Amino acid sequence: MLKFLKQVGDYAKETVQAARYIGQGLSVTFDHMRRRPITVQYPYEKLIPGERFRGRIHFEFDKCIACEVCVRVCPINLPVVDWEYDKASKKKKLNHYSIDFGVCIFCGNCVEFCPTNCLSMTEEYELATYDRHELNYDNVALGRLPYKVTDDPMVTPLRELVYLPKGVLEPHGLPADAPRAGARPEDLVEQAEK
Ligand code: SF4
Ligand code: SF4
């Protein structure tokens, strides 16, 4: 009988202990519910891509000298440079240029090595289409001005973590002129020159 009562007592004690742990866990859960969610409500809110973000490539037809360096440095020899030799001017004449973004890995090698800087990476990353052939951008599509998160009146742009002021971890409700943490490259140059 005594043994049975002891067992009941132990069981009750363990039940109370378990209930206390559950209570502690729930209090932490409820405490999290009092905080503001840090979710970015895409597509109404979008993060501003970083300065070196590698989005869709932009191409300037008039600057290209058809040297094909971009093709040679591309891991998959992707850019299509269609040129012909112009006997009159004794120069290469560019006819068409295209990059298929369904195949591109956005490594930025072509941009890095282009001798005339006619290629650049934009901050545009919303390229989805229903047809993969529409991802093959010709020189007209590549020359289009990129979409900018900060220029879209329907979108609230939010800063990424590294562009927030020192000690701030939340981009919501931040004034547009709040200084970012750390120095910009031009600030570092200025400091070094002093
Ligand atoms: S970003 Fe990279 S993969 Fe895409 S075209 Fe340029 S070099 Fe090729
Ligand atoms: S590297 Fe630049 S200049 Fe040369 S073909 Fe490619 S885009 Fe044109």
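The structure we're discussing is the one just above.
We now turn to the structure provided with this report. (Residues numbered from 1 in each chain as written. Chains lettered and ligands numbered in written order. Predicted model: local features only at pLDDT ≥ 70, side-chain atom pairs only at ≥ 80, totals over all residues. Heavy atoms only, no water.)

1. Overview of the pairing of strand β4 (residues 91-100)
As paired elements, strand β3 (residues 80-86) and β4 share seven bridges and run antiparallel to each other. Residue pairing across strands places D86 opposite K91, the latter belonging to β4. Taken together, β3 and the strand that follows it, β4, pair antiparallel across an intervening segment of four residues, in which K90 is found at a positive phi of about 55°. Taken together, the three bridges between β4 and strand β6 (residues 136-138) define a ladder with antiparallel strand orientation. Each residue of the ladder has a partner; that of S98, found in β6, is D138. (Pairing = 2+ DSSP bridges. Helix = DSSP H or I, 4+ residues; strand = E, 2+ residues; numbered from the N terminus.)

2. Some thoughts on the site of ligand 1
Around ligand 1, the neighbouring residues are I57, C74, P75, L78, C104, I105, F106, C107, G108, N109 and C110. Partitioning the shell around ligand 1 into residue classes produces nine nonpolar, two polar and no charged. (Near = heavy atom within 4 Å. Nonpolar A, V, L, I, M, F, W, Y, C, P; charged D, E, K, R; others polar.)

3. Brief notes about the pattern of salt bridges
Oppositely charged side chains are able to pair whenever their charged atoms sit close together. Inspection of the entire model under this criterion finds 10 salt bridges. Residues D10 and K6 are paired through a salt bridge, measuring 3.2 Å at the closest nitrogen-oxygen approach. On the criterion of helical spacing, the pair formed by D10 and K6 is a turn pair, its members being four residues apart in helix α1 (residues 2-33). For D10, a relative accessible area of 30% puts it in the partly exposed group. In this structure K6 comes out as exposed when scored by relative accessible area, which is 55%. Here E126 ties to K46 by a salt bridge, and the two come within 3.0 Å at their closest N and O atoms. (Salt bridge = Lys/Arg side-chain N within 4 Å of Asp/Glu carboxyl O. Buried < 20%, exposed > 50% of the residue type's maximum accessible area, 1.4 Å probe, protein only.)

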